[in-house]
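Structure at a glance
Listed here are the chains, written in short residue letters.
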Amino acid sequence: TFSEAEKAAIISIWAKIAGHADDIGAEALERLFLSFPQTKTYFSHFDLSSNSKDLRNHGGKVVKAIGNAAQHLGDIDHALSSLSDLHAQKLKVDPGNFRLLSHAIQVTLAAHFPKEFNAVAQAAWDKFLSVVSSVLVSKYR
Ligand code: HEM
């Protein structure tokens, strides 16, 4: 569960991201694939070149799912239930990869919102993304 200060930090950064989901998502994925090339194996069917249509589409979907979670901080389990089924049962993404994506998202937010994404906001987002990740890996067994 999140403190009131954490909730405020999560929601206020989400408000900055909301209109730029595809940009932020594509950049986070590009950072993920460049820094951790092993993560590319799940996306062999994508065009992984910088800012490609695939990266923008998929990045936008990922960021919008995070936004859905940000708007349901009291019930992230329920908000992400079908995505949790998908990642666990169909995609079988190795759970360690969620930390890598969370890192890439945080670096992207720091680069885009240097003033707003301060140390306090980052700590709240780090916790938030770890909760999102644990929901998405919760149905593996
Ligand atoms: C698909 C969200 C982490 C691999 C998706 C979709 C969403 C999503 C919204 C699209 C579902 C649909 O089309 O119905 C997230 C979120 C994550 C996360 C919020 C964590 C914050 C990861 C990680 C990997 C991964 C760490 C692997 C490195 C995939 C793959 C697909 C997918 C392979 C299917 C792509 C396709 O063929 O269209 N994810 N995801 N996801 N995700 Fe994730």
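In this text the structure is predicted, and so the values were computed from the model without any measurement.

This part takes up the coordination of the iron atom of the ligand. Just one protein atom donates to the iron atom of the ligand; it is H87 (NE2), sitting 2.1 Å from the metal. As for its position among the elements, H87 is in helix 5 (residues 81-91).

Turning next to helix 6 (residues 97-112). Under the 1.5 Å per step criterion, the end-to-end length of helix 6 is 23 Å for 16 residues, consistent within 8% with the ideal 22 Å. Those residues of helix 6 lying buried are N97, F98, L100, L101, S102, A104, I105, Q106, T108 and L109. Summarising the contacts, the buried residues of helix 6 are in contact with helix 1 (4-17), helix 2 (21-35), helix 3 (53-70), helix 5 and helix 7 (119-136).

What follows is about the site of the ligand. Around the ligand sit 19 residues in total, of which H45, H87, L91, V93 and F98 are the nearest. Measuring from a nitrogen atom of the ligand, one finds a side-chain N or O atom of H87 at 2.9 Å. Elements with a contribution of two residues or more to the shell around the ligand: helix 3, helix 5, helix 6 and helix 7. Split into classes, the residues belonging to the shell around the ligand amount to 14 nonpolar, four polar and one charged.

A few words now on the side chain of T108. The residue T108 is located in helix 6 in this model. A polar contact is formed between the side chain of T108 and the side chain of R31, at a distance of 3.5 Å. Looking at T108, its side chain comes within polar contact range of the main-chain oxygen of A104, at 2.7 Å. Once residues within four sequence positions are removed from consideration, T108 is found in contact with I24, E27, A28 and R31.

Summed over the entire model, instances satisfying the criterion amount to seven salt bridges. Of the charged contacts, one joins E4 and K7 as a salt bridge, the two residues approaching to 3.2 Å between their closest N and O atoms. Here the residue E4 and the residue K7 both occupy positions in helix 1, the gap between them amounting to three residues, near one helical turn. The residue D85 makes a salt bridge to K139 at a minimum N-O spacing of 2.9 Å. Separated by 54 residues along the polypeptide, D85 in helix 5 and K139 in the segment after helix 7 bring together distant segments of the chain. With a relative accessible area of 30%, K139 lands in the partly exposed category.

Rules used in this analysis
- Residues numbered from 1 in each chain as written.
- Predicted model: local features only at pLDDT ≥ 70, side-chain atom pairs only at ≥ 80, totals over all residues.
- Heavy atoms only, no water.
- Donors = N, O, S within 2.8 Å, 3.2 Å for Na, K, Ca; no water.
- Helix = DSSP H or I, 4+ residues; strand = E, 2+ residues; numbered from the N terminus.
- Expected span 1.5 Å × (residues − 1).
- Buried < 20%, exposed > 50% of the residue type's maximum accessible area, 1.4 Å probe, protein only.
- Contact = heavy atoms within 4.5 Å.
- Near = heavy atom within 4 Å.
- Polar contact = N/O pair within 3.5 Å; in protein donor to acceptor, adjacent residues only side chain to side chain.
- Nonpolar A, V, L, I, M, F, W, Y, C, P; charged D, E, K, R; others polar.
- Salt bridge = Lys/Arg side-chain N within 4 Å of Asp/Glu carboxyl O.

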